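One letter stands for each residue in the lines below.
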Amino acid sequence: MAPKVSKADKKIAYDKKLCNLLDEYTQVLVAVADNVGSTQLQNIRSALRGDSVVLMGKNTMMKRSIRIHSENTGNKAILALIDLLVGNVGLIFTKGDLKEVTEEVAKFKVGAPARVGLVAPIDVIVPPGNTGLDPSQTSFFQVLNIPTKINKGTVEIVTPVELIKKGDKVGSSEAALLSKLGIRPFSYGLVVTKVYDNGSVFSPEVLDLTEDDLIVKFAMGVSMVTSLALAISYPTLAAAPHMFINAYKNVLAVAVATDYSFPLADKVKEYLADPSKFAVAVAAPVAAGSGAAPVAAAAKEEEKKEEPADESDDDLGFSLFD
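Quick look at the structure, then. (Residues numbered from 1 in each chain as written. Predicted model: local features only at pLDDT ≥ 70, side-chain atom pairs only at ≥ 80, totals over all residues. Heavy atoms only, no water.)

1. Comments concerning the overall build of the chain
A count of helices and strands for the chain gives eleven helices and twelve strands. Each of the 322 residues in the chain was classed as buried or not, and the buried ones make up 26%. Within the chain, contacts between residues separated by at least 24 positions form 69% of all contacts whose residues are at least 6 apart in sequence. Summed over its atoms, the accessible surface of the chain is roughly 21,200 Å², and 59% of this surface lies on carbon and sulfur atoms. (Helix = DSSP H or I, 4+ residues; strand = E, 2+ residues; numbered from the N terminus. Buried < 20%, exposed > 50% of the residue type's maximum accessible area, 1.4 Å probe, protein only. Contact = heavy atoms within 4.5 Å. Areas by Shrake-Rupley, 256 points an atom, 1.4 Å probe, with all protein chains shown as cover.)

Below you can see the structure in the form of structure tokens.
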């Protein structure tokens, strides 16, 4: 018979395992394990086996091991994990893709009944329809103000009813009714709440960002930097083109208002002196794009065709005076 392992030996073994994982892995998912059973947890471990390790334990023990390991190795980055160890949480050490591992963990959810005193994680709505219960069970529905009718000897719910709201505690009547109806409204599993990546800590929602989302956010950042740089007249790569254009506008305004001039200003002054030139310049491309050129060409072609007839007529008339 194998000797019984003492609590002290278990703590030493746990501390060694955690320290080895901290040395081997740089990516850690922090997951809440409320209402997660041992069988469910074992299934998650099996699914992640190969590139990930799930480690559960007491927060005080994990914090102590992380703090001591940081002092011994000089790795200050892992101290960021200490603030994340709040509540019933576990650590998933992984070398795989963070998004894929998070999605794999989310697959293992198990339906659970509404127990008395449990805080509802979602709204619970009882759908309309035949319940299969005999008329003697109508008292449950009356207490909860659920409209019913008797149809073919069974109780039928007339309209959908919001039985429990998210955040409310489940009462005894609600729990009994859901049990009688065979409804298991809640589902539980490991829920990733934070992501640790080599010292950086961020929300798992960041993993859902696409390249398009990143481009939009980057463009917004560049726009804000540009606006700030222009407001305080601080040159940056993003603001420089706008500064040059604004400076050119100022110089052009001075040239137009004074006798000072330069080649580009001369053209502007010419348009201001004779606005009709500007109208012609604008109308020409429009006319070309609208098909006016083919019409003009056709008109010229017709004139050319008429010219020989006109010349022969002129020759016929004036030849009498030769």
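Resuming the write-up.
2. Some points on the sheet that holds strand β6 (residues 129-130)
Taken together, three strands build an open sheet; the order of strands is β6-β8-β7 and the sheet is antiparallel. Whereas interior strands pair on both sides, the edge strands pair on one side only; in this sheet they are β6 and β7 (148-151). Here β7 pairs with strand β8 (residues 154-157) via four bridges, running antiparallel. Across the sheet, residue isoleucine 150 finds its bridge partner in β8, namely valine 155. (Pairing = 2+ DSSP bridges.)

3. What to know about a positive patch on the surface
Judged by side-chain charge, Lys4, Lys7, Lys10, Lys11, Lys58 and Arg64 come together as a positively charged surface patch. If you tally residues by element for the positive patch, the top one is helix α1 (residues 7-24), at three residues. Positionally, lysine 58 belongs in the loop between β2 (52-55) and α3 (59-73). (Patch = residues over 30% accessible without salt bridge, like charges linked within 9 Å, V, L, I, M, F, W, Y side chains within 5 Å. Salt bridge = Lys/Arg side-chain N within 4 Å of Asp/Glu carboxyl O. Lys, Arg positive; Asp, Glu negative; His and termini not counted. Charge placed at Lys NZ, Arg CZ, Asp CG, Glu CD.)

4. Regarding the nonpolar core
Counting 21 residues, the largest nonpolar core has Phe141, Ile146, Leu163, Ile164, Val170, Leu178 and Phe186 as its most contacted members. Ignoring anything within four residues of it in the chain, the contact list for isoleucine 164 reads Ala120, Ile122, Asp123, Val124, Val170, Glu174 and Leu178. (Core = buried A, V, L, I, M, F, W, Y, C linked by side-chain atoms within 4.5 Å.)

5. Things to note about the pattern of salt bridges
All chains considered together, the criterion is met by four salt bridges. A salt bridge links lysine 95 to glutamate 24; the shortest N-O distance between them is 3.1 Å. Of this pair, lysine 95 sits in the loop between β3 (89-94) and α4 (98-106) while glutamate 24 sits in helix α1, and the two are 71 residues apart along the sequence. For aspartate 208, the salt bridge identified is with lysine 99, shortest N-O distance 3.0 Å. On the criterion of sequence distance, the pair formed by aspartate 208 in the loop between β12 (200-202) and α7 (211-232) and lysine 99 in helix α4 is long-range, its members being 109 residues apart. For lysine 99, a relative accessible area of 30% gives the class partly exposed. Look at the salt bridges and you will find they share partners, linking Lys99, Glu103 and Asp208 into a network.

6. Some remarks on the packing of α1 against α3
Where α1 contacts α3, the two axes come as close as 10 Å, and the packing angle between them is 55°. Our classification of the angle between α1 and α3 gives oblique. Considering how the two elements wind past one another, α1 and α3 form a crossing that is right-handed. Facing Lys11, Tyr14, Asp15, Leu18, Cys19, Leu22 and Asp23 of α1, the residues of α3 in contact are Met61, Met62, Ser65, Ile66 and His69. The residue inventory of the contact of α1 with α3, partitioned by class, reads seven nonpolar, two polar and three charged. (Axes fitted to C-alpha atoms, helices over the stretch in contact; angles between N-to-C directions. Parallel < 35°, antiparallel > 145°, perpendicular 65-115°, else oblique. Left-handed = near helix turned anticlockwise from the far one by under 90°. Nonpolar A, V, L, I, M, F, W, Y, C, P; charged D, E, K, R; others polar.)

7. Describing the packing of helix α8 (residues 240-257) against helix α9 (residues 263-273)
The geometry of α8 relative to α9 is characterised by a closest axis approach of 10 Å and an angle of 55° between their N-to-C directions. Relative to α9, α8 is oriented oblique. The crossing of α8 and α9 is right-handed. For the pair formed by α8 and α9, the contact residues are Tyr248, Leu252, Ala255 and Val256 on the first element and Leu264, Ala265, Val268, Lys269 and Leu272 on the second. Within the contact of α8 with α9, the residues separate by chemical class into eight nonpolar, no polar and one charged.

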